[in-house]
Every structure is written in C-alpha cells, then in structure tokens.
Amino acid sequence: MKPDPEAGLAARDGACLWHPYTQMLNRPAPLEVVRGAGVYLYTADGRRYLDGVSSWWVNTHGHAHPKLNAALARQADTLEHVIFAGCTHPPAVELAERLVALLPAGLTRVFYSDNGSTAVEVALKLAWQYWQNRGEPERRTFIALERAYHGDTVGAMSVSAATSFTAPFGPILFPVVRVADPGCCAGADGRLRQRGSSECLADLEAQLEKLGAGVAGVVVEPMLQGVAGMIVQPPEYLAGVRRLCDRYGTLLLADEVFTGFGRTGRMFACEHAQVAPDIICLSKGLTAGYMPLAATAATEAIYESFLSEDRGRTFFHGHSYTANPLACAVGLASLDIFRDEDVLGRIARLEAQLRAGLEPLGELPWVGDVRVIGGVGVVELAPAPGAAGGYFDEVGPRVARAFLDRGLLIRPLGNVVYFMPPYAITDDEAAWALGEIAAVVRAVDEL
Ligand code: PMP
C-alpha cells in the first residue's frame, strides 16, 4: 500500500510501533530509512542524511560495508546460531582470543551477552558474586559516578544517575553510593566550570574510607560520559580511580560500551590512562554497528573464584542469543578492518578536523564549551535564560530539525550538540558536516 502523506504518523510509522525515547503525543514523524551506504542513510522519500550519530553510537566503518556484509553472508551460510551453554563455535572462540589480545593486560576471560545493558548487568553480577565466592559477602555496595549512564535494565539503571530515565522506577532500583565526576559541570552560579580530578578523587576516597570493606566495586564510564552530555574526563582521574581501588582492595568496573573500539581515539578509553580495570563492558562498536552483541571481560582472579564443584558458585546467567555466530563473525571482520586499514590513524585525523572546525565556535557568547575527544566533537550551548538546560532543553529538537533540513542526522542531548560520524567519513564529508554545524550554531537564535 502506498503511504498516504496526509495520514501522517499512522501511515508512515506504523501505528503499532512503540519507539524508544519518543514522546507519545505531538512527536515528529520518524525518518523512514530504507538504505544505508558509507556515512549516509537514505529515506523512503528520496532524501539522503549524513549519519552524524553513528546510529546511536554503534557504527564504526560505515553502513553496508562490503567486507562486513561478506563476513555476515558467509557466516549465515555456515552457522547462524547455536546454544552457547554446552556448545561453542569458531567465531566466538576467535573473537574472544582477539579481544583478549587487544584489551588492557589482565582481562583474560570473556563472557558474551547481547547488548550494552546486559554487558553491565553481567559485570555487576560477576562482581557481586565474586565477593561471595571469595567469602566476603559484606562487599555489596557499588560506587558510581554522579552523572552515570549504564543502560536501561534494572541493574544498569541502579548504577546510573537518578534522572527522568530512571525516576518512575526508583523503588525497584538498588541503592548505590554516588561520587562526583570530573569535567564540565554547572557551578553554583549556573555557569559552566571544570571540576578537577583531585576534587573528585578526594570524594571517592572519602567514600571508600567510610564504606571500608563494604565496597563491591567502583563503576565508571572511562574518559567520556556519553548520555550525561559528552563529558570528557582528564586521564589522571581514571588513573587515580585505579589507584584508589587498589588501595582499598575493591574492583574497578569500566563501562566501555560507548567508548570502546576507537570512539575516544584509542581502541579502549582505559588506554588513555594506561589503566586495566578488573572488569570491562563492551558492545556497540564490537560489531561495527551491525549486530547486537556484548562482551564482559574479567581478570583471571575473578574467573578463578567461580571455579568449583559447588553449583552455588556457578554464574547462572545466559541469554538466548549469547555469542551469536553472525554477530561474532562481523565482530571479527571489524577487527580485521581496524588492523588492516589504520582506522585509529583515521580517527586521529578526524579528531584534528573536529577541533579545527568546532573550536572557533567557542568564541560565540551562547556557546558554553567546546570539547573534542577522538571521533566525538561537542558544542555545549549555554542554556538560554529560563530554559530547562540539560537533556530536556528544548533547543535540542530545534537544532536537530535544522540539521535534518540540511541533510545531517544529529540528535543533541538537550543543549549539548555533538557530532560523532562513522570513522569511515572522508575529509570532504567531515568538512561539509562541520560547515553545516557551524552555520546552525552561529544562527541558533533564529531557529
Ligand atoms: N553503557 C553506556 C556507557 C552507554 O552509553 C550505553 C548506551 N548508550 C549503554 C551502557 C547501554 O547499551 P545498550 O543501549 O546497548 O543497552
């Protein structure tokens, strides 16, 4: 049936669909994307959009990449899926081996699941049960960052900041101790300021001191807190967190669901501080944005605590699609591209281009801050007088609309405008997008 443009949302969206994060009433119709190629998405009405958000931060090498497509097709002809309890398969084994070789030293055991939130759930449950297995069950409190975001399942929401995302579920979330996170934040006078590492590390140390042997682990998004507003941390902070976790004998859990696979300019964000966490969570870029897959990697010491004849020590966690072979095969092909095509070198060039294109915007009085790390460029607009600021600042949808009109898919986090294209973007494509971003930011008052 031909869509009737007059019928609006019901015809274009499918009335039965329930989209994430979508206002139930008065929502704009979603883009009907029918094809992707490289950095571009093509819609049913014949328009082309540059994917400036890497399709929810997952895409790395571009859409419909020939090598990834071929790997997926090959695997589909061989083995599409098999139960991963009591069975194994070559793509899962090879991907785990290659991840262990790439990960910070000491992360030797890989547990698969199927999305970023489950990677975090697995990490929390591993840490919790590790202390029980070790005979220290009183270690049951997690410390997390003030502006954390770790996913939408119940455990992941518990360690995430209390926001509108989690508010309806407060009573079913477990209590977590919060500590200040470094980077750009609003000061008492409402103006943006940089909160430093030492201030935040002192806060963490005070909590570790107070809770003593009750801490199960410290959970961080290393170097870059995404959902909170693309907040960049200095590497000294992460190094300090590692030092404090060692000093107080607790675990460091690094959520690299977003930052992993090059997004901050290193393969893993922990490398900026030369830090190895005890547990790391990976997803998103793991399959280059193709398939839902996650991996939670842990140290040998954690793994060994589960080695027992006693069934009570078993990690009873497994999803139907754990280690899906199609996803693992694409993950392997993606690692080949990282290895063979100097993708990290390409991200370094993109980073330089983002700095050159965005930093001049910092001089505009309505721009609060400009920051760039790896393949992520951020322009934080100072909230207008009386505006909400933060995620619900209504400047976000206005700016997003202006970008769409110019052929650029960008979804600001409220007043935080960010550009995060697939690494496959060419210099010319990035230059064009940065020109559009500059034009929209310069004229933001007129939107
Ligand atoms: N952790 C972090 C740091 C994230 O940014 C996200 C998603 N944006 C998640 C976890 C959850 O991942 P998913 O959406 O795949 O469940």
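Reading guide: rules and limits
Residues numbered from 1 in each chain as written. Predicted model: local features only at pLDDT ≥ 70, side-chain atom pairs only at ≥ 80, totals over all residues. Heavy atoms only, no water. Near = heavy atom within 4 Å. Polar contact = N/O pair within 3.5 Å; in protein donor to acceptor, adjacent residues only side chain to side chain. Areas by Shrake-Rupley, 256 points an atom, 1.4 Å probe, with all protein chains shown as cover. Nonpolar A, V, L, I, M, F, W, Y, C, P; charged D, E, K, R; others polar. Helix = DSSP H or I, 4+ residues; strand = E, 2+ residues; numbered from the N terminus. Buried < 20%, exposed > 50% of the residue type's maximum accessible area, 1.4 Å probe, protein only. Domains from an automatic or database assignment. Contact = heavy atoms within 4.5 Å. Buried area = accessible area lost by both parts, 1.4 Å probe. Salt bridge = Lys/Arg side-chain N within 4 Å of Asp/Glu carboxyl O. Core = buried A, V, L, I, M, F, W, Y, C linked by side-chain atoms within 4.5 Å. Expected span 1.5 Å × (residues − 1). Phe/Tyr/Trp six-rings, centres within 6.5 Å; stacked < 30°, edge-to-face > 60°. Lys NZ or Arg CZ within 6 Å of the ring centre and 35° of its normal. Disulfide = S-S within 2.5 Å. Pairing = 2+ DSSP bridges.

Some points on the site of the ligand
In the region of the ligand, the neighbouring residues are Trp 57, Asn 115, Gly 116, Ser 117, Tyr 149, His 150, Gly 151, Glu 221, Asp 255, Val 257, Phe 258 and Lys 284. Within the side chain of Asn 115, an N or O atom sits 3.2 Å from an oxygen atom of the ligand. Contact distances for the ligand include 2.7 Å between a nitrogen atom and a side-chain N or O atom of Asp 255. Here the ligand has 390 Å² of accessible area as a free molecule, and 83% of this is covered by the chains. Taken together, the residues that form the shell around the ligand break down as four nonpolar, five polar and three charged.

Some details on the environment of Ser 117
Following the sequence through the fold, Ser 117 ends up in helix α5 (residues 116-133). The exposure class of Ser 117 is buried, given its relative accessible area of 14%. In sequence terms Ser 117 and Glu 304 are 187 residues apart; their C-alpha atoms lie 24 Å from each other.

A few points about the domain arrangement of the chain
Each assigned domain of the chain is listed with its residue range as follows: domain 1 (9-64 + 343-446) and domain 2 (69-340). Taking only C-alpha atoms, the centre of domain 1 and the centre of domain 2 are 26 Å apart. Listed per partner, the contact involves 30 residues of domain 1 and 33 residues of domain 2. The contact between domain 1 and domain 2 buries some 2600 Å² in all, and 66% of this surface belongs to carbon and sulfur atoms. When residues of domain 1 are sorted by the area they lose upon contact with domain 2, Trp 57, His 61 and Ile 373 head the list and together hold 25% of the total. At the junction of domain 1 with domain 2, the criterion picks out zero salt bridges. Joining domain 1 to domain 2, the criterion identifies 14 residue pairs in polar contact (both at pLDDT 80 or more). If you list the elements that add at least two residues to the side of domain 1 that touches domain 2, you get α2 (54-57), α11 (343-358), β15 (367-373), β16 (376-381) and β18 (416-419). The dominant element in the side of domain 1 that touches domain 2, judged by the number of residues it contributes, is β15, at four residues. Of the residues in the side of domain 1 that touches domain 2, the class split is 19 nonpolar, eight polar and three charged.

Section: unusual backbone geometry
Residues other than glycine seldom take positive phi values, yet Trp 56 does so here, at roughly 65°. With respect to the element layout, Trp 56 can be found in helix α2. The phi angle at Lys 284 is positive, at roughly 30°, despite the residue not being glycine. By the element assignment, Lys 284 lies in the loop between β13 (279-282) and β14 (294-299). By relative accessible area, which is 22% here, Lys 284 ends up partly exposed.

Quick word on the pattern of salt bridges
By the definition in use, this model includes 24 salt bridges. One salt-bridge network, held together by shared partners, links Glu 94, Arg 98, Asp 336, Arg 339 and Asp 340.

Concerning the side chain of Glu 436
Its place among the elements puts Glu 436 in helix α13 (residues 427-442). Ignoring any residue separated from it by four or fewer positions in sequence, one finds Glu 436 in contact with Phe 403, Arg 406 and Leu 408.

Observations concerning the nonpolar core
Nonpolar side chains in soluble globular proteins generally cluster together in the buried interior. Formed by 73 residues in total, the largest nonpolar core has its most connected members in Leu 95, Leu 99, Tyr 112, Met 230, Val 241 and Phe 261. Per-element tally for this core: the top contributor is helix α10 (residues 325-340), with eight residues. Per-domain counts for this core show at least three residues from each of domain 1 (9-64 + 343-446) and domain 2 (69-340). When near neighbours in sequence (up to four residues on either side) are disregarded, Met 230 contacts Trp 57, Leu 224, Gln 225, Phe 258, Arg 371, Val 376, Val 378, Leu 413, Val 416, Tyr 418 and Met 420. Counting residues in hydrophobic clusters, the runner-up holds 30 residues, among them Leu 361, Leu 408, Ile 410 and Val 444.

Topic: α11
For α11, spanning 16 residues, the distance from its first C-alpha to its last is 22 Å, which sits close to the expected 22 Å at 1.5 Å a residue. Every buried residue belonging to α11 is among Val 343, Arg 346, Ile 347, Leu 350, Glu 351, Gln 353, Leu 354 and Leu 358, and all of these are buried. Tucked inside the fold, the buried residues of α11 contact α10, β15, β16, β18 and α13.

Brief notes about the packing of aromatic side chains
Centre distance and the angle of the planes are the two values used to describe a pair of aromatic rings. Here the structure, examined in full by the defined rule, presents 14 aromatic pairs. Each member of the aromatic cluster is reached from another via a ring pair, and the members are Tyr 21, Trp 56, Tyr 149, Phe 165, Tyr 391 and Phe 392. Lying across the ring of Tyr 303, Arg 109 places its NZ or CZ 3.8 Å from the centre.

Looking at the state of the cysteines
According to the stated counting rule, one finds zero disulfides in the structure shown. Looking at the unpaired Cys 87, the closest cysteine sulfur is the one in Cys 328, lying at 14 Å. You can call Cys 87 partly exposed: its relative accessible area is 33%.

Description of the pairing of strand β2 (residues 40-43)
For strand β1 (residues 33-37) and β2, the ladder comprises four bridges, and the chain directions are antiparallel. Bridge assignment links Arg 35 to a residue of β2, and that residue is Tyr 42. Between β1 and β2, which pair antiparallel one after the other, the connecting turn spans two residues, and Gly 38 there sits at a positive phi close to 60°. In the sheet, β2 pairs with strand β3 (residues 48-51) via three bridges, with the strands oriented antiparallel.

Focus: the sheet that holds β3
Strand order in the open sheet formed by four strands is β1-β2-β3-β17, with mixed pairing between adjacent strands. Lying at the two open borders of the sheet, with one neighbouring strand each, are β1 and β17 (408-409).

Quick notes on the pairing of β14
Taken across its six residues, β14 has six buried, putting it largely inside the fold. The pairing of strand β4 (residues 107-113) with β14 spans six bridges and is classified as antiparallel. Following the sheet pairing, Phe 111 is matched in β14 by Thr 296. Sheet topology note: the β13/β14 ladder contains four bridges and is antiparallel. Residue pairing across strands places Ile 279 opposite Ala 298, the latter belonging to β14.

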